[in-house]
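Chains, contacts and geometry: an overview
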Amino acid sequence: MKSSRGLHAALLGLGAVLLTLVVSPTGSAPLGLREIQPRTPAPELGLVDLSGRTHELDDYRGQVLVVSFWATWCSPCIKELPALTRTADELLPSGVHVITIAMGQSVDEVREFVAEQNFPMAKLVDPEADAAERWRVQALPTAYVVDPQGRLALRIVGNYDWDDAEFREKAVALFAEGRAKRP
């Protein structure tokens, strides 16, 4: 199974490179915000962050959760980190949490990268690409938005403009929708 996970990580890496090569002449991926219908339960997380804390999907029940898969070698991933950081900071008071998952990389690789960068979101590590496989990540970067009930609501593939008003409105609306459904 480990060799299949390693192959999956390598193929995702190749997919990210190809995505970068086949997108617009400026090298940015096309806008990839899509609603998921019908909403289905999000796969489990079960990953540790750089401080050793394990994150489970249930930790975020009742909140909107953005799960962003990336890698330190993925230039579109790195390009979107500043806007993703701003969005995370601005939406946290609205009940929207952002976590990032470094796919196919070791804790040391991610720790070295983040020492040079400034982005405060939770940085989880998926060294064997187990979570990426469960979440059916096919290219990097890929993000999913999980609604307060733990269901996949939005999918974003490719370098995305996280400052986009459409995303912010949809994320806040998901949180409001979740609050309205509480007894």
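A brief structural summary. (Residues numbered from 1 in each chain as written. Predicted model: local features only at pLDDT ≥ 70, side-chain atom pairs only at ≥ 80, totals over all residues. Heavy atoms only, no water.)

1. Overview of the overall build of the protein chain
Along the backbone of the protein chain there are five helices and eight strands. Its helices and strands in sequence order give the protein chain the pattern α-β-β-β-β-α-β-α-β-α-β-β-α, from N to C terminus. Burial status across the protein chain gives 49% buried among its 183 residues. A total accessible area of about 8900 Å² is found for the protein chain, and carbon and sulfur atoms account for 56% of it. (Helix = DSSP H or I, 4+ residues; strand = E, 2+ residues; numbered from the N terminus. Buried < 20%, exposed > 50% of the residue type's maximum accessible area, 1.4 Å probe, protein only. Areas by Shrake-Rupley, 256 points an atom, 1.4 Å probe, with all protein chains shown as cover.)

2. Regarding the state of the cysteines
As enumerated under the stated definition, the model contains one disulfide in all. There is a disulfide in this structure between C74 and C77, and the S-S distance comes to 2.3 Å. The sign of the 75 degrees torsion about the S-S bond sets the C74-C77 disulfide as right-handed. There is no split in this pair, since C74 and C77 are both buried. (Disulfide = S-S within 2.5 Å.)

3. Considerations on the pairing of strand 8 (residues 151-157)
Relative to strand 8, strand 1 (residues 33-41) runs antiparallel, the two being bridged by five bridges. Paired with T40 across the bridge in strand 8 is L152. As judged from the five bridges shared by strand 7 (residues 142-146) and strand 8, these two strands associate in the antiparallel manner. Along strand 8, the bridge assignment pairs A143 with I156. Linkage of strand 7 to strand 8, two consecutive antiparallel strands, is achieved through a turn of four residues, within which G150 is found at a positive phi near 85 degrees. (Pairing = 2+ DSSP bridges.)

4. A short note on the environment of G104
Along the chain, G104 turns up in the loop between strand 5 (96-103) and helix 3 (107-116). The spacing of G104 and E128 is 24 residues in sequence and 5.3 Å in space, taken between C-alpha atoms.

5. Description of a negative patch on the surface
Among the surface-exposed residues, D108, E109, E112 and E116 lie close enough to one another that they form a single negatively charged patch. Summarising the element assignment, E116 is placed in helix 3. (Patch = residues over 30% accessible without salt bridge, like charges linked within 9 Å, V, L, I, M, F, W, Y side chains within 5 Å. Salt bridge = Lys/Arg side-chain N within 4 Å of Asp/Glu carboxyl O. Lys, Arg positive; Asp, Glu negative; His and termini not counted. Charge placed at Lys NZ, Arg CZ, Asp CG, Glu CD.)

6. Some points on unusual backbone geometry
With omega at -5 degrees, the peptide bond leading from Q37 into P38 counts as cis. Within the secondary structure layout, P38 lies in strand 1. Even without being glycine, A129 reaches a positive phi, approximately 65 degrees. Within the secondary structure, A129 sits in the loop between strand 6 (122-126) and helix 4 (130-134). We note that R136 has phi near 60 degrees; this positive angle belongs to a residue other than glycine. In this structure, R136 sits in the loop between helix 4 and strand 7. The exposure class of R136 is exposed, given its relative accessible area of 64%.

7. Notes on the packing of aromatic side chains
Think of a pair of aromatic rings as described by two things: how far the centres are apart, and how the planes are tilted against each other in angle. Using the criterion set out here, one finds six aromatic pairs in the structure. Aromatic side chains F69 and W135 sit 6.0 Å apart centroid to centroid with 55 degrees between the ring planes, which places their arrangement in the tilted category. Here F69 is found in strand 4 (residues 64-70), whereas its partner W135 is found in the loop between helix 4 and strand 7, with 66 residues between them in sequence. Here F69 and W135 have matching classes, each one buried. Ring centres of Y160 and F167 lie 6.3 Å apart, and the angle between their planes is 75 degrees; this geometry places the pair in the edge-to-face category. Comparing Y160 with F167 shows no difference in burial state: the two are buried. (Phe/Tyr/Trp six-rings, centres within 6.5 Å; stacked < 30°, edge-to-face > 60°.)

8. Considering helix 3
Along helix 3, the residues classified as buried are V110, F113 and V114. Seen along its axis, helix 3 keeps its buried residues to an arc of 95 degrees; they face one direction. In helix 3, the exposed residues that point more than 90 degrees away from the buried face are D108, E112, A115 and E116. (Arc of directions from axis to C-beta.)

These values are about where atoms sit, not about what they do.
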